[in-house]
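# Notes for the structure review
Listed here are the chains, written in short residue letters.
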Amino acid sequence: MAAVSSASSAAEPSCYSRLTNEWFCRQYLEDYRQEIVDATVQHVQITVLAVVLSVLVAFPLALVARRLPRLETTILAASTALYTIPSLALLPLLVPFTGLTMTTVVIGLAIYALTVLVRSMLEGLRSVPTEVRASATGLGYGATRRLLKVELPLALPVMMGGLRVATVSTVALTTIGTIVSFGGLGNMISDGVLTNFRAELMTASILCIVLAVVLDLLIVGSQWLLTPWTHRRVAT
Amino acid sequence: MRVLSDAWDYLTTASSWTGDGGMLELMGQQLLLTLTALVVATAVGLPIALWLGHLGRGSLLAINVSNVGRAVPTFALLALLVVADWPGTRELGPYGRAGLATIIALTLFALPPIITNANIAVREVSPAVRQAADGMGMTGAQKFWRVELPLSAGLVLSGIRLALVQVWATATIAALVAGPGLGEVVIDGFRRTNYGKGIAGAIVIALVALVLEGAAALAQRTLDPVPKTTVRKRRRGMSERLPIVAEEADAVGT
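In short, a report on the structure.

Calculation criteria
Residues numbered from 1 in each chain as written. Chains lettered and ligands numbered in written order. Predicted model: local features only at pLDDT ≥ 70, side-chain atom pairs only at ≥ 80, totals over all residues. Heavy atoms only, no water. Helix = DSSP H or I, 4+ residues; strand = E, 2+ residues; numbered from the N terminus. Rg over C-alpha atoms; globule rule 2.2 N^0.38 Å. Buried < 20%, exposed > 50% of the residue type's maximum accessible area, 1.4 Å probe, protein only. Contact = heavy atoms within 4.5 Å. Buried area = accessible area lost by both parts, 1.4 Å probe. Salt bridge = Lys/Arg side-chain N within 4 Å of Asp/Glu carboxyl O. Polar contact = N/O pair within 3.5 Å; in protein donor to acceptor, adjacent residues only side chain to side chain. Phe/Tyr/Trp six-rings, centres within 6.5 Å; stacked < 30°, edge-to-face > 60°. Core = buried A, V, L, I, M, F, W, Y, C linked by side-chain atoms within 4.5 Å. Expected span 1.5 Å × (residues − 1). Arc of directions from axis to C-beta.

### Quick word on the overall build of chain A
Assigned secondary structure in chain A consists of 11 helices and zero strands. Helices and strands appear in chain A in the N-to-C order α-α-α-α-α-α-α-α-α-α-α. The globule rule puts the C-alpha radius of gyration for 236 residues at 18 Å, and the 22 Å found for chain A is more than 25% above it. Classification of the 236 residues of chain A by burial places 50% in the buried group. Within chain A, contacts between residues at least 6 apart in sequence are counted, and of these 73% link residues at least 24 apart.

And the structure:
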């Protein structure tokens, strides 16, 4: 691939011209640098906002679901039903309320992440052994302090697993935001299909996957930092 | 909120349903696509996943397949297939424009839930039960057909059900890359700023998704040879995630 692109001299059409339309093209990356950066920034923005919003909604829901088992079924069933609705249908359904804005995409993606997050948070809180909770109570911890100081740290590994799943799938789903023109790299994919622009399409697709991997690694890293006891225990 | 009444008008106009390119035709097309992809994916993925599960293997496959399936945007894969020389926008029988590319993409995205759930389901059959089967003198095949398969059927079926929902959603996206299906109504509505039409299409897509999911849940309940509704419900919920989470916790620990 590299040999082909270097062989074409400056006078010849660049590797992303209509004639050659190569999948991988360095010239494209240079010439369209600003566009690529902008799309990537928007993609990250949408993904992060959606996941953060989803976490903020999921956590209270998980707490309520744990406290009231009767509501648990309702909460889980509702979030699963929303998850069933295809993304290309959910975003248009939000348009009458939030318009053709980035908010529409962020809310839509947050709804999808909700299912995974609520389940993993519940599962995480449940993974805390009853004896541990009882000891905390015995040591005089109130409900709030016990939650923050004892249960949350212990539930973190399971919760973070859910966060990773939610984040990676949100990165992929963000591309669908292109239906309301806020799809980050998805806008490039759309354009690539419409104009039959292979370099643009391939670049955007690869960046999507790279972004998913990078965000995943960031979460793993922060989990490692947040839960020092997990690797200390294994090391000894 | 004018768009909502526009959407209602579109939904209640007979001509938007019938005729060439009407919503009924598109819906039929998308259902056909979905079922084809689901059948192909099940035929390919299920035997492999079950066999590896029977051998107690495949955890790496199951996890990687589902991770990759999650990270690759369906839209990107569809776009790449359509723009490539092959399969491109080639028609395929009743599946319409870009039918081949759509079928390939849909099948690929149906595989992860089917493989992951089936593999984990069989591997998770309790060792005590396996030992009991060995003690009764069952051969490997007998153990698989009479013990492992019935016990794991619930999870296996829920994997197929998950795949169905996923494939229906992906089939909608096919329209973004000039493929067939109901997504076309949404895309066309939004591209021509006829938002009422777009939203009408979205309503139909969402309703069919919910109906499919409901029908699949019903089918699962009737097909499952070991119906334990309450227990199964909780296990099903975490089925495709719990092991992944556990694996990741391990990976971080090391």
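### A look at the interface of chain B and chain A
Taken residue by residue, the interface counts 45 residues in chain B and 52 residues in chain A. Buried surface at the junction of chain B and chain A, both sides included, amounts to about 4,200 Å², of which 78% is carbon and sulfur. If you look at where chain B meets chain A, you find one salt bridge. Where chain B packs against chain A, one counts two residue pairs in polar contact (both at pLDDT 80 or more).

### A few points about the side chain of Arg198(A)
Among the secondary structure elements, Arg198(A) is positioned in helix α10 (residues 198–226). Here Val83(B) takes part through its backbone oxygen, which lies 3.1 Å from a polar atom of the side chain of Arg198(A). Side chain to side chain, Arg198(A) and Asp85(B) meet in a polar contact 2.7 Å long. Among all residues touching Arg198(A), those that are not within four sequence positions of it are Asn21(A), Glu22(A), Trp23(A), Val83(B), Ala84(B) and Asp85(B).

### Brief notes about the packing of aromatic side chains
Residue and element names in this part refer to chain A. All told, the structure shown has nine aromatic pairs over all chains when counted by the stated rule. Taken together, a centroid distance of 6.0 Å and an interplanar angle of 75° make the contact between Tyr16 and Tyr28 edge-to-face. Here Tyr28 lies in helix α2 (residues 26–31) and Tyr16 lies in the loop between α1 (2–7) and α2, a separation of 12 residues in the sequence. Residue class for Tyr16 comes out buried when judged on its relative accessible area of 18%.

### Side note on the nonpolar core
In terms of nonpolar packing, the biggest core is built from 101 residues, with Tyr28(A), Ile179(A) and Leu182(B) touching the most fellow members. Take this core: its biggest share by element is 11 residues, from helix α5 (residues 99–123) of chain B. Excluding residues within four positions of it along the chain, Tyr28(A) makes contact with Tyr16(A), Arg33(A), Ile36(A), Met188(A), Phe197(A), Ala199(A), Glu200(A) and Thr203(A). Counting residues in each nonpolar core, the second largest holds 23 residues, with Val51(A), Ala58(A), Leu76(A) and Leu152(A) among its members.

### Thoughts on helix α3 (residues 59–71) of chain B
Residues and elements named next belong to chain B. Under the 1.5 Å per step criterion, the end-to-end length of α3 is 18 Å for 13 residues, consistent within 8% with the ideal 18 Å. If you check which residues of α3 are buried, you get Ala62, Ile63, Ser66, Arg70 and Ala71. The arc that holds the buried residues of α3, viewed along the axis, is 150°, so those residues lie on one side. For α3, exposure combined with an orientation more than 90 degrees from the buried face picks out Leu60 and Val68.

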